[in-house]
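# Structure at a glance
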Amino acid sequence: VGGSPDTLPRMGVSVFPNPAEAASRVWVEVTRTERVQVELLNTMGQRVHLLSDAVLLPGRHALDVDLTGAAPGAYVVVASRPDGSSMAVRLLRMP
């Protein structure tokens, strides 16, 4: 990927509520139109849910996460681009 961190398009990821019991919401923010894949991974790096794999327009996007079948513990929400860049945030599932 060319460019310095100052010239790369920005992407943000946040989760609320966190910790969560049955459901949470992931917020993904992009500054340009681009494909973003958002996954929920367990601590072994295995995909639990594919939350989105879509072209997102600039702005903030909400993705609902259903945790009712997930075991209590730590998970990671990863948002990645086709160029290999990604951002991650931890999500705690409470019993």
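Figured I'd write up the structure that's included with this text. Source: prediction; values computed, not measured.

## Considering the overall build of the chain
A tally of helices and strands in the chain yields zero helices and seven strands. In sequence order, the secondary structure elements of the chain are arranged as β-β-β-β-β-β-β. Over its C-alpha atoms the chain spans a radius of gyration of 14 Å, differing by no more than 12% from the 12 Å that the globule rule assigns to 95 residues. Along the longest, intermediate and shortest principal axes, the C-alpha atoms of the chain span 45 × 25 × 20 Å. Accessible surface computed for the chain: about 5600 Å², of which carbon and sulfur atoms make up 54%.

## Re the pairing of strand E3 (residues 34-41)
In terms of residue burial, E3 counts as a mostly covered element, since six of its eight residues are buried. The pairing of E3 with strand E6 (residues 73-80) spans five bridges and is classified as antiparallel. Across the sheet, Val 38 pairs through a bridge with Ala 79, a residue of E6.

## Concerning the environment of Pro 72
Within the secondary structure layout, Pro 72 lies in the loop between strand E5 (59-66) and E6. Here the alpha-carbon distance between Pro 72 and Arg 25, two residues 47 residues apart in the chain, equals 17 Å. When neighbours within four sequence positions are excluded, Pro 72 is seen to be in contact with Arg 93, Met 94 and Pro 95.

## Some points on the nonpolar core
Core analysis: the biggest nonpolar cluster contains 20 residues, and Val 26, Val 28, Val 36, Val 38 and Val 77 have the highest contact counts within it. Breaking this core down by element, the ones donating at least two residues are strand E1 (11-16), strand E2 (23-30), E3, strand E4 (47-56), E5 and E6. With residues up to four places along the chain from it excluded, the contact list for Val 26 reads Val 13, Ser 14, Val 15, Val 38, Leu 51, His 61, Ala 62, Leu 63, Val 65 and Val 77.

## Here we look at the sheet that holds strand E7 (residues 86-93)
The four strands lie next to each other as E4-E3-E6-E7, forming an open sheet whose pairing is antiparallel. Both edges of this open sheet fall to E4 and E7, since each of them pairs with a single strand only. Taken over all neighbouring pairs, the strand axes of this sheet differ in orientation by 15° on average, direction set aside.

## A few points about the packing of aromatic side chains
Enumeration according to the criterion identifies zero aromatic pairs in this entry. In this arrangement the basic side chain of Arg 60 is found over the ring face of Trp 27, its NZ or CZ atom lying 4.3 Å from the centre.

Quick notes on the rules
Residues numbered from 1 in each chain as written. Predicted model: local features only at pLDDT ≥ 70, side-chain atom pairs only at ≥ 80, totals over all residues. Heavy atoms only, no water. Helix = DSSP H or I, 4+ residues; strand = E, 2+ residues; numbered from the N terminus. Rg over C-alpha atoms; globule rule 2.2 N^0.38 Å. Areas by Shrake-Rupley, 256 points an atom, 1.4 Å probe, with all protein chains shown as cover. Buried < 20%, exposed > 50% of the residue type's maximum accessible area, 1.4 Å probe, protein only. Pairing = 2+ DSSP bridges. Contact = heavy atoms within 4.5 Å. Core = buried A, V, L, I, M, F, W, Y, C linked by side-chain atoms within 4.5 Å. Axes fitted to C-alpha atoms, helices over the stretch in contact; angles between N-to-C directions. Phe/Tyr/Trp six-rings, centres within 6.5 Å; stacked < 30°, edge-to-face > 60°. Lys NZ or Arg CZ within 6 Å of the ring centre and 35° of its normal.

Functional significance is not addressed by these values, which are geometric in nature.
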